[in-house]
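Residue-level structure breakdown
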Amino acid sequence: MSEPQMDPAGNTQAFRAFANDQDPEAAQKEPSRLPMLIAVGVAVVVVLAVVIYFVS
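Basis of the calculations
- Residues numbered from 1 in each chain as written.
- Predicted model: local features only at pLDDT ≥ 70, side-chain atom pairs only at ≥ 80, totals over all residues.
- Heavy atoms only, no water.
- Helix = DSSP H or I, 4+ residues; strand = E, 2+ residues; numbered from the N terminus.
- Buried < 20%, exposed > 50% of the residue type's maximum accessible area, 1.4 Å probe, protein only.
- Areas by Shrake-Rupley, 256 points an atom, 1.4 Å probe, with all protein chains shown as cover.
- pLDDT = per-residue confidence, 0-100.
- Patch = residues over 30% accessible without salt bridge, like charges linked within 9 Å, V, L, I, M, F, W, Y side chains within 5 Å.
- Salt bridge = Lys/Arg side-chain N within 4 Å of Asp/Glu carboxyl O.

All right, on to the overall build of the chain then. Within the chain one finds three helices and zero strands. Counting over 56 residues, the chain shows a buried share of 2%. Summing over all exposed atoms, the chain offers an accessible surface of approximately 5700 Å²; the carbon and sulfur share of this is 64%.

The following block contains the structure:
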């Protein structure tokens with residue numbers, strides 16, 4: 001039988017070791033997607049406006 005995995009949250013020392021052992025690259029924030037989403041939304045509105053203009 002294998003030993004059960006230890007929950008790092010159950011032991012303060014284990015949790016500190018777990019928290020300090022994180023990959024620094026993984027901890028970096030990802031750039032915001034908001035500007036890209038706004039640009040896509042504006043492009044969709046412009047395309048719809050052009051289509052409605054030519055249809056009417």
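Turning our attention to the confidence of the model for the chain. Chain-level pLDDT for the chain is 80 on average; 68% of the residues reach the 70-or-more range. The least confident element of the chain is helix α2 (residues 24–27), whose mean pLDDT is 62; the most confident is helix α3 (residues 34–55), at 96.

Nonpolar side chains collect at one region of the surface, where Leu34, Ile38, Val42, Val46, Val50, Tyr53 and Phe54 lie side by side and expose about 750 Å² of accessible area between them. With respect to the helices, strands and loops of the structure, Val42 is situated in helix α3. Judged by its relative accessible area of 48%, Val42 is partly exposed.

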